[in-house]
Amino acid sequence: MASFEDVAHRLRRASHVVALTGAGVSAASGIPTFRGPDGLWKRVRAETLATPEAFANDPKLVWEWYDWRRGMVQQAQPNQAHDVLGRWTRERAGFTLVTQNVDGLHERAGADRLVRLHGSIWHVRCSKPCDAGRADWLDATVPQPRLPPMCPHCGGFVRPAVVWFGEPLDPEVLSRASRAAAAAEVFMVIGTSSVVYPAAGLVHHARRHGAFTVELNTEATAISIDVDASFIGPAADSLSRLDAAVRS
Ligand code: OAD
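Residues numbered from 1 in each chain as written. Predicted model: local features only at pLDDT ≥ 70, side-chain atom pairs only at ≥ 80, totals over all residues. Heavy atoms only, no water.

Asks: Looking at this structure, how should I read the sheet that holds strand 2 (residues 95-99)?
Replies: Each strand in a sheet pairs with another by means of backbone hydrogen bonds, the pair being arranged parallel or else antiparallel. On the basis of which strands lie adjacent, the open sheet formed by 6 strands has the order 3-2-1-7-8-9 and parallel pairing. Sheet topology places strand 3 (115-116) and strand 9 (229-232) at the edges, where each strand pairs with a single neighbour. Here 4 bridges tie strand 8 (residues 212-217) to strand 9, and the two strands are oriented parallel to one another. Bridge pairing links Val214 to Ala229 in strand 9. Where helix 7 (residues 80-91) meets the sheet, its contacts fall on strand 1 (17-21), strand 2 and strand 7 (186-190), and the angle it forms with strand 2 comes to roughly 140°. (Pairing = 2+ DSSP bridges. Helix = DSSP H or I, 4+ residues; strand = E, 2+ residues; numbered from the N terminus. Contact = heavy atoms within 4.5 Å. Axes fitted to C-alpha atoms, helices over the stretch in contact; angles between N-to-C directions.)

Asks: Explain the site of the ligand to me, please; I cannot follow it from the model alone.
Replies: What surrounds the ligand is a group of 21 residues, the closest being Phe34, Arg35, Thr192, Ser193 and Asn217. Between the ligand and Gln100, the relevant distance is 3.2 Å, taken from an oxygen atom to a main-chain nitrogen or oxygen of the residue. Coverage of the ligand by the protein amounts to 90% of the 800 Å² it exposes when considered alone. Grouping the constituent residues of the shell around the ligand by class yields 9 nonpolar, 10 polar and 2 charged. (Near = heavy atom within 4 Å. Polar contact = N/O pair within 3.5 Å; in protein donor to acceptor, adjacent residues only side chain to side chain. Areas by Shrake-Rupley, 256 points an atom, 1.4 Å probe, with all protein chains shown as cover. Nonpolar A, V, L, I, M, F, W, Y, C, P; charged D, E, K, R; others polar.)

Asks: I would appreciate a short explanation of the nonpolar core in the present structure.
Replies: In a soluble, globular protein the nonpolar side chains are often hidden away together inside. Core analysis: the largest hydrophobic core is formed by 30 residues, its most contacted members being Leu11, Met188, Ile190, Val214 and Leu239. Where this core is concerned, the elements lending two or more residues are helix 1 (4-13), strand 1, helix 7, strand 2, strand 7, strand 8, strand 9 and helix 11 (235-247). Residue contributions to this core peak at 5 residues, all from helix 11. (Core = buried A, V, L, I, M, F, W, Y, C linked by side-chain atoms within 4.5 Å. Buried < 20%, exposed > 50% of the residue type's maximum accessible area, 1.4 Å probe, protein only.)

Asks: Please explain helix 11 as it appears in this structure.
Replies: In a regular helix each residue adds 1.5 Å, so 13 residues correspond to 18 Å; helix 11 covers 18 Å between its end C-alpha atoms and thus fits that length. When we look at burial in helix 11, the residues that qualify are Ala235, Ala236, Ser238, Leu239, Leu242, Asp243 and Val246. Within helix 11, the buried residues cover an arc of 165° as seen down the axis, which keeps them to one side. Structurally, helix 11 contributes buried residues whose contacts are with helix 1, helix 2 (24-27), helix 7, strand 7 and strand 8. (Expected span 1.5 Å × (residues − 1). Arc of directions from axis to C-beta.)

Asks: What's the story with the pairing of strand 7 in this structure? I'm lost.
Replies: Successive side chains on a regular strand alternate, one facing one side of the sheet and the next facing the other. Of all 5 residues in strand 7, 5 are buried; the element is thus mostly enclosed. Burial along strand 7 is two-sided: Val186, Met188 and Ile190 and Phe187 and Val189, pointing in opposite directions, are all buried. Direction of pairing for strand 1 relative to strand 7: parallel, over a ladder of 5 bridges. Within strand 7, the residue paired with Val18 across the bridge is Phe187. Relative to strand 8, strand 7 is paired through 5 bridges, and the arrangement is parallel. Among the inter-strand pairings, Phe187 is bridged to a residue of strand 8, identified as Thr213. Read from strand 7 through helix 10 (residues 202-208) to strand 8, the crossover connection turns out right-handed. (Right-handed = clockwise from strand over helix to strand, strands pointing away.)

That's the geometry; what it means functionally is another story.
Written as structure tokens, this is what we have:
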């Protein structure tokens, strides 16, 4: 396994770097992850709420869950991990930040050119979809005055513009992420359990194209044995240390 200094050295020299983030990056902001002991999915079964079928059966219940999550995220602040990654997007032309997170904390930390694989809880679209409501729009009202909210164009239900289980990712967004992964000299996987595909496949894609791969996580994951360097610890700490080492 490569050392911390080795990773910092590679980051300093690389012109193309990608970081793929997951829920662990927002953990220090107080947002529960999906699969940990206190994970969101432990208290609520994913297939109960984050599916098109669940929404068709009970749109109010699904919206109550998203409204609760939106309220929690609204009270939270980006942490040092979001800050370092956001600054890298602004200061390093060849740095691409790809996230599975839908919470908007990367955006609030000033992330530029963010690739959002799973959408955003702050965006909505018509669930039918009607012609006028096909594109996403921003609706950051918390709590929503009426659940489920109605489409202003057709009066149908509005849904969160996130990717649910069983739904495909936006092909253009996935293609952007895949191209960045293929071009990466260093590919970092941060705060994700790496079990949800296609996001989890990006590190393997990057590796096949010659990237040096690094994982930052509080515990070993499905990909730990495949990466070139793995650092166990909170993402905020590891990224702050790496940032300091890269700048020194
Ligand atoms: P998970 O909950 O599956 O994994 C979170 C990971 O973060 C775990 O590996 C933890 O060990 C790690 N972790 C926790 N705290 C950390 C910290 N402070 N620093 C670093 N790592 C930490 O969340 P994701 O991998 O993001 O999809 O889940 C992937 C997708 O599954 C989500 O985007 C969501 C969910 O279903 C959709 O909603 C489509």
